[in-house]
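# Coordinate inspection notes
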Amino acid sequence: MTQHQVEIRTEGTRGQVLIDGRDIARSVTGLTFKAGIDGPPQLIIDLQLIDVTTVDSTETQVLLGDGVADTLKALGWTAPEDDG
C-alpha cells in the first residue's frame, strides 16, 4: 500500500487538505478519521464527484475540474497523454 503524507489545516472558515504537499480541499466534502487498537489509523476522504452514466456521442470530451485532477494526481494517478 502506498503511504502518503497528509496534513489538514484550518484557519477560520477556510481549510486545506494536503496530500504529499498538494492541496485537494476544493474537491473534498468531508473527512473522517478512525483510529483503534486493532489496525492502522484510517483517513476517509469524501470527494465531490459527478456521475456520468451515459454518453451518446463518440466525440464527447471528458474534462476533470482542477480539484478532481489534483486529488487524483496526489493519490498517484497519471493523466493520459493528450492524443491531440
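Before going into details, it helps to say that this report is about the structure given with it. Not measured: the values here are computed from a predicted model.

What follows is about the side chain of threonine 71. When you line up the elements, threonine 71 lands in helix α1 (residues 66-74). Owing to a relative accessible area of 3%, threonine 71 belongs among the buried residues under this scheme. In contact with threonine 71, not counting residues within four places along its chain, are Ile24, Ser27 and Leu47.

A few words now on a nonpolar patch on the surface. Among the surface-exposed residues, Val6, Ile8, Leu31, Phe33 and Leu43 lie close enough to one another that they form a single nonpolar patch of about 420 Å² accessible area. Listing elements by their share of the nonpolar patch, those giving two or more residues are β1 (6-11) and β4 (28-34). By secondary structure assignment, the location of isoleucine 8 is in strand β1. Residue classification places isoleucine 8 among the partly exposed residues on the basis of a relative accessible area of 47%.

Evaluated as defined, the whole model comprises 1 salt bridge. The salt bridge involving glutamate 7 is made with arginine 9; its shortest N-O contact spans 2.8 Å. Judged by relative accessible area, arginine 9 falls into the partly exposed class, the value being 41%.

Along the chain, the position of leucine 47 falls in strand β5 (residues 42-47). On the basis of relative accessibility, which here comes to 31%, the residue leucine 47 falls in the partly exposed class. Residues leucine 47 and threonine 71 lie 24 residues apart in sequence; the distance between their C-alpha atoms is 8.8 Å. Not counting residues up to four positions away in its chain, the partners in contact with leucine 47 are Ser27, Val28, Thr29 and Thr71.

What follows concerns the sheet that holds strand β2 (residues 14-19). Sheet strands pair by backbone hydrogen bonding; their relative direction is either parallel or antiparallel. Read from one edge of the open sheet, 3 strands run β1-β2-β3, paired in antiparallel fashion. Each edge of the open sheet carries a strand with a single partner, namely β1 and β3 (22-23). Strand direction decides the pairing type here: β1 and β2, joined by 6 bridges, are antiparallel. Within β2, the position partnered with isoleucine 8 by the bridge is valine 17.

Rules behind the numbers
- Residues numbered from 1 in each chain as written.
- Predicted model: local features only at pLDDT ≥ 70, side-chain atom pairs only at ≥ 80, totals over all residues.
- Heavy atoms only, no water.
- Helix = DSSP H or I, 4+ residues; strand = E, 2+ residues; numbered from the N terminus.
- Buried < 20%, exposed > 50% of the residue type's maximum accessible area, 1.4 Å probe, protein only.
- Contact = heavy atoms within 4.5 Å.
- Patch = residues over 30% accessible without salt bridge, like charges linked within 9 Å, V, L, I, M, F, W, Y side chains within 5 Å.
- Areas by Shrake-Rupley, 256 points an atom, 1.4 Å probe, with all protein chains shown as cover.
- Salt bridge = Lys/Arg side-chain N within 4 Å of Asp/Glu carboxyl O.
- Pairing = 2+ DSSP bridges.

As far as function goes, none of this settles anything; it's purely spatial.
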